[in-house]
Amino acid sequence: MILAFDGSSIDGSAYTYVLDLAQDSPSWLDRLVSAWSTYGLGLFAVFMLLGWWQARRVSARAALIALAVPVIVVVAYAVNSVFKMLVREDRPCQSLRVKTLEACPAPGDWSFPSNHAVIAAAAAVALLFVSRRLGTVAVVAACAMAVSRVWVGVHYPHDVVAGVLVGTLIAMLLTAALRRVPETLAHRLTGSPLRPLLVAPQLAGATPYEKR
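- The name given to the chain in an unreviewed UniProt entry is Phosphatase PAP2 family protein, with Streptomyces sp. R35 as the source organism.
- According to UniProt, the comment filed for the chain under the heading Subcellular location (unreviewed entry) is "Cell membrane".

**Some words on the state of the cysteines**
Working step 1: Summed over all chains, the structure comprises 1 disulfide.
Working step 2: Between the sulfur of cysteine 93 and that of cysteine 104 lies a disulfide, 2.2 Å long from S to S. Measuring handedness by torsion sign, the sulfur bridge of cysteine 93 and cysteine 104 sits at about 80 degrees and is right-handed. You can see cysteine 93 sitting in helix α5 (residues 92–95) and its partner cysteine 104 sitting in the loop between α5 and α6 (115–128), a full 11 residues away along the chain.
Working step 3: By relative accessible area, which is 34% here, cysteine 104 ends up partly exposed.

**Topic: the packing of helix α2 (residues 27–39) against helix α7 (residues 132–151)**
Working step 1: The interhelical angle for the contact between α2 and α7, taken along N-to-C directions, is 115 degrees, at an axis separation of 9 Å. Here α7 runs roughly perpendicular to α2, going by the angle between their axes. In the crossing of α2 with α7, the sense of the turn from one axis to the other is left-handed. In this structure, α2 contributes Leu29, Asp30, Val33, Trp36 and Ser37 to the contact, and α7 contributes Ala141, Ala144, Met145, Ser148, Arg149 and Trp151.
Working step 2: Its residues placed into classes, the contact of α2 with α7 shows 7 nonpolar, 2 polar and 2 charged.

**Observations concerning the environment of leucine 43**
Working step 1: Mapping leucine 43 onto the fold places it in helix α3 (residues 41–55).
Working step 2: Overall, leucine 43 belongs to the partly exposed group, its relative accessible area being 33%.

**Digging into the packing of α6 against helix α8 (residues 157–178)**
In a pair of packed helices, the angle between the axes and the distance between the axes together describe the arrangement.
Working step 1: Viewed as axis vectors pointing N to C, α6 and α8 meet at an angle of 35 degrees, and their least axial separation amounts to 7 Å. α6 and α8 meet at a crossing whose hand is right-handed. Contacts from Ala117, Val118, Ala121, Ala122, Val125 and Ala126 in α6 reach Val160, Gly163, Val164, Val166, Gly167, Thr168, Ala171, Met172 and Thr175 in α8.
Working step 2: By residue class, the composition of the contact of α6 with α8 is 11 nonpolar, 4 polar and no charged.

**What about the pattern of salt bridges?**
Pairs can form between side chains of opposite charge whenever their charged atoms are close.
Working step 1: Applying the stated criterion across every chain yields a total of 2 salt bridges.
Working step 2: The residue aspartate 109 makes a salt bridge to arginine 91 at a minimum N-O spacing of 2.9 Å. Pair noted here: aspartate 109 is in the loop between α5 and α6 and arginine 91 is in the loop between α4 (60–87) and α5, with a separation of 18 residues, a long-range link.
Working step 3: According to the relative accessible area criterion, aspartate 109 is partly exposed, its value standing at 36%.
Working step 4: Judged by relative accessible area, arginine 91 falls into the buried class, the value being 5%.

**Section: the side chain of serine 114**
Working step 1: In this fold, serine 114 is placed in the loop between α5 and α6.
Working step 2: A relative accessible area of 0% means that serine 114 is categorised as buried.
Working step 3: Within the structure, the side chain of serine 114 is placed 3.1 Å from the backbone nitrogen of alanine 117, a separation counted as a polar contact.
Working step 4: Reaching out from serine 114, the side chain makes a polar contact with the side chain of histidine 155 at a distance of 3.5 Å.
Working step 5: The contacts of serine 114, once residues within four sequence positions are left out, are Asn80, Arg149, His155, Asp159, Val160 and Gly163.

**A short note on the nonpolar core**
Working step 1: Counting 31 residues, the largest nonpolar core has Phe44, Phe47 and Leu127 as its most contacted members.
Working step 2: Of all elements in the fold, only α3, α4, α6, α7 and α8 reach the threshold of two or more residues within this core.
Working step 3: Take this core: its biggest share by element is 9 residues, from α6.
Working step 4: Residues Ala117, Trp151, Val152 and Val160 belong to the second largest nonpolar core, which totals 14 residues.

**Comments concerning a nonpolar patch on the surface**
Working step 1: Taken together, the side chains of Phe5, Ile10, Val82, Phe83, Leu86 and Val87 define a hydrophobic patch exposed on the protein surface, amounting to about 540 Å² of accessible area.
Working step 2: The residue valine 87 is located in helix α4 in this model.
Working step 3: Accessibility expressed as a relative area gives 31% for valine 87, which makes it partly exposed.

Basis of the calculations
Residues numbered from 1 in each chain as written. Predicted model: local features only at pLDDT ≥ 70, side-chain atom pairs only at ≥ 80, totals over all residues. Heavy atoms only, no water. UniProt positions renumbered as here; feature names shortened; annotations may be inferred. Disulfide = S-S within 2.5 Å. Helix = DSSP H or I, 4+ residues; strand = E, 2+ residues; numbered from the N terminus. Buried < 20%, exposed > 50% of the residue type's maximum accessible area, 1.4 Å probe, protein only. Axes fitted to C-alpha atoms, helices over the stretch in contact; angles between N-to-C directions. Parallel < 35°, antiparallel > 145°, perpendicular 65-115°, else oblique. Left-handed = near helix turned anticlockwise from the far one by under 90°. Contact = heavy atoms within 4.5 Å. Nonpolar A, V, L, I, M, F, W, Y, C, P; charged D, E, K, R; others polar. Salt bridge = Lys/Arg side-chain N within 4 Å of Asp/Glu carboxyl O. Polar contact = N/O pair within 3.5 Å; in protein donor to acceptor, adjacent residues only side chain to side chain. Core = buried A, V, L, I, M, F, W, Y, C linked by side-chain atoms within 4.5 Å. Patch = residues over 30% accessible without salt bridge, like charges linked within 9 Å, V, L, I, M, F, W, Y side chains within 5 Å. Areas by Shrake-Rupley, 256 points an atom, 1.4 Å probe, with all protein chains shown as cover.

The structure is reproduced here in structure tokens:
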């Protein structure tokens with residue numbers, strides 16, 4: 001038997017309230033939320049690709065930060081995995097034995113904090129440092145992802161809130177460090193094999209005046 005923390009005393013009532021809303025909602029809405037909960041993280045990969053594509057047209061340092069976004073997400077996920085193993089909180093669908101839209105994860109697949117919320121928040125916040133417009137869209141998508149994980153029944157509200165906080169903090173710390181990279185160093189990297197990743201092809205042969 002696995003001894004695990006039962007988080008239902010924190011906000012179990014809020015969790016069951018959301019589940020009741022899901023049960024009373026139209027089936028098309030539940031299908032939409034379930035699809036987003038399951039596949040929505042793929043959109044953040046598209047956001048990261050778009051952010052890098054745009055950043056190459058801004059500056060080498062902007063492109064460098066954009067390339068680091070997936071690394072930041074991986075770091076946030078790794079840190080979150082440590083928290084999961086330390087807290088070892090059972091999924092709410094296991095503790096409360098309620099009917100959920102999504103199949104309840106197996107015992108040992110810990111609930112706190114939410115991996116989906118961490119990944120989405122880390123990607124969104126890091127993208128804000130690449131493109132304000134794209135980052136804002138990603139932030140809205142990250143909030144929708146966090147809510148969807150409660151709606152389908154696999155997380156308590158405090159799981160997704162903690163996940164958003166972990167992802168946000170890691171992204172802010174790492175992107176702040178990257179922004180300290182001197183512009184001169186970023187430009188030196190354009191003389192390396194990394195050049196195609198840092199400079200858009202149409203800017204590669206432009207004069208400094210043309211690039212501005």
